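Each chain, letter by letter, is given below.
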Amino acid sequence: MEKELTMPKLRPEMENGVLCAWLKEEGDTVTAGEPLFEIETDKVVNQIEATESGVLKKQLFEEGDTVNVETAVAILETK
Amino acid sequence: MEKKPEWLKVRYNQDAVNEVAELMRDLKLNTVCKEANCPNLGECYRKHTSTFLILGSICTRNCRFCNVTTGHPLPPDPEEPMNVAKAAKKLGLRHVVLTCSTRDDLPDGGAEQFAKCVRAIREVCPGTTVETLISDMKGNTDALDIVIAAHPEVLNHNVETVKELQSAVRPQARYQRSLDVLRYCKQKEPTLLTKTGFMVGLGETEDQISALMDDILETGCDILTIGQYLQPSPQHYPLARYATPEDFAHYKEMALQKGFRHVASAPLARSSYKAWEVLEDVHDLY
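Description of the structure in this document.

What counts, and where the lines are drawn
- Residues numbered from 1 in each chain as written.
- Chains lettered and ligands numbered in written order.
- Predicted model: local features only at pLDDT ≥ 70, side-chain atom pairs only at ≥ 80, totals over all residues.
- Axes fitted to C-alpha atoms, helices over the stretch in contact; angles between N-to-C directions.
- Helix = DSSP H or I, 4+ residues; strand = E, 2+ residues; numbered from the N terminus.
- Parallel < 35°, antiparallel > 145°, perpendicular 65-115°, else oblique.
- Left-handed = near helix turned anticlockwise from the far one by under 90°.
- Contact = placed C-beta atoms within 7 Å.
- Nonpolar A, V, L, I, M, F, W, Y, C, P; charged D, E, K, R; others polar.
- Pairing = 2+ DSSP bridges.
- Core = buried A, V, L, I, M, F, W, Y, C linked by C-beta atoms within 7 Å.
- Buried ≥ 20, exposed ≤ 12 C-beta atoms within 10 Å, placed from the backbone.

## Re the packing of helix 4 (residues 80-91) of chain B against helix 5 (residues 111-124) of chain B
Residue and element names in this part refer to chain B.
Turning to step 1, where the next piece is worked out: Running from N to C, helix 4 and helix 5 point in directions that differ by 40°, and their axes come no closer than 8 Å. Viewed along their axes, helix 4 and helix 5 adopt a mutual orientation that is oblique. Classified by chirality, the crossing of helix 5 by helix 4 is right-handed. Residue-level inspection shows Glu-80, Pro-81, Met-82, Val-84, Ala-85, Lys-86, Ala-88 and Lys-89 of helix 4 in contact with helix 5, the latter providing Gln-113, Lys-116, Cys-117, Ala-120, Ile-121, Glu-123 and Val-124.
Turning to step 2, where the next piece is worked out: For the contact of helix 4 with helix 5, the residue count by class is 9 nonpolar, 1 polar and 5 charged.

Given below as structure tokens:
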């Protein structure tokens, strides 16, 4: 089953975020709780964890891209 | 934006955050974690801890380091004390940290609401310890007496920065007044553990930090927290530098040498971060 992982809204006024790094490549196995990608905000770099286990099927954005909140960032193939 | 150092990476799990965020929303409560855009929110919410921001999310002051919104706040919510207690019970908190937006519009600065919250927690969550992270309440000792009489285990009030940067960073506060608040509370109730914190990275010098520690220690303060200033937005007070973890270890050593009983000093240390562990450590010392 495919599941979309979205850009989280890290604070109420956040409209978009810069995806600064992928921590997993397409085809990698991901366990729930493992960090998948990084978003830089004004204060810190946030490592966003996968909320489900599966295989990272598709990275929908490249490092450096600005992504609107709640937009799909990755597709995860879950069991 | 200056590149963030490696030690300013934090983990964030949307599901874990949603669980606590929904509980707060259902009980009409605010957390300083959310309002101040705290970098530790992801970690703390995952561990089912949070710091309650009582008296509303609108502050009457506009400190230049702080992300809490300035404006005209609403009157205190009479249901807030019991809702805080209910949330504390639901989260299973062993130690509750209450902080507030500064309420210069209220005659008692919100002291009575603090006291009501402490009493509600005592009633609903027996055995739970309470830390009140208060504003300076304009140095009003009648207001401070109300908070002290509620017997929180820890009374925390942050001096935030060195003497020389006070007027630029927190224009409506006063350095001496903050020190006086700490001193008054300790003298009035010596069994109360007093606690304060400051940020580094605002442009302070080592000598200024040393003098600040001396001034704090002189009030009888038990617990000190030191953390990195993180600029909430380009409109806030400019960041001067990122101190390294080694710098924080050095500040901790400095403070312990001077005679502080407990010091939490790390880039992401905040005054309420792991407050339970701090309290446990302090109890081991006495």
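## Observations regarding the interface of chain A and chain B
Turning to step 1, where the next piece is worked out: Facing 15 residues of chain A, the contacting portion of chain B comprises 15 residues.
Turning to step 2, where the next piece is worked out: Looking at the side of chain A that touches chain B, the elements that each hand over two or more residues are strand 4 (35-40) and strand 5 (45-49) of chain A.
Turning to step 3, where the next piece is worked out: Class assignment of the residues belonging to the side of chain A that touches chain B gives a composition of 6 nonpolar, 4 polar and 5 charged.
Turning to step 4, where the next piece is worked out: Inspection of the sheet shows strand 5 of chain A paired to strand 1 (residues 9-12) of chain B by 4 bridges, in the parallel sense. Within strand 1 of chain B, the position partnered with Gln-47 of chain A by the bridge is Arg-11 of chain B.

## Focus: the nonpolar core
All names here are of chain B.
Turning to step 1, where the next piece is worked out: Among the nonpolar cores identified, the biggest contains 99 residues, and Ile-54, Val-84, Ala-88, Leu-98, Phe-114, Ile-121 and Val-147 are the most heavily contacted of them.
Turning to step 2, where the next piece is worked out: It is helix 5 that contributes the most residues to this core, 6 residues altogether.
Turning to step 3, where the next piece is worked out: If sequence neighbours within four positions are ignored, Val-147 has contacts with Ala-111, Phe-114, Ala-115, Thr-132, Ile-134 and Leu-155.

## Some thoughts on the environment of Val-20 of chain B
Residues and elements named next belong to chain B.
Turning to step 1, where the next piece is worked out: Its place among the elements puts Val-20 in helix 1 (residues 14-26).
Turning to step 2, where the next piece is worked out: The sequence separation of Val-20 and Arg-46 amounts to 26 residues, and the corresponding C-alpha distance is 8.1 Å.
Turning to step 3, where the next piece is worked out: The residues touching Val-20, leaving out its near neighbours within four places in the chain, are Tyr-45, His-48 and Ser-50.

## Regarding unusual backbone geometry
All names here are of chain B.
Turning to step 1, where the next piece is worked out: The phi angle at Met-137 is positive, at roughly 50°, despite the residue not being glycine.
Turning to step 2, where the next piece is worked out: Mapped onto the elements, Met-137 comes out in the loop between strand 7 (129-133) and helix 6 (141-149).
Turning to step 3, where the next piece is worked out: Among the residues examined, Met-137 registers 25 C-beta atoms within 10 Å and is labelled buried.
Turning to step 4, where the next piece is worked out: The phi torsion at Glu-160 lies on the positive side, around 70°, for a residue other than glycine.
Turning to step 5, where the next piece is worked out: With respect to the helices, strands and loops of the structure, Glu-160 is situated in the loop between strand 8 (154-156) and helix 7 (166-169).
Turning to step 6, where the next piece is worked out: Judged by the 23 C-beta atoms lying within 10 Å of it, Glu-160 is buried.

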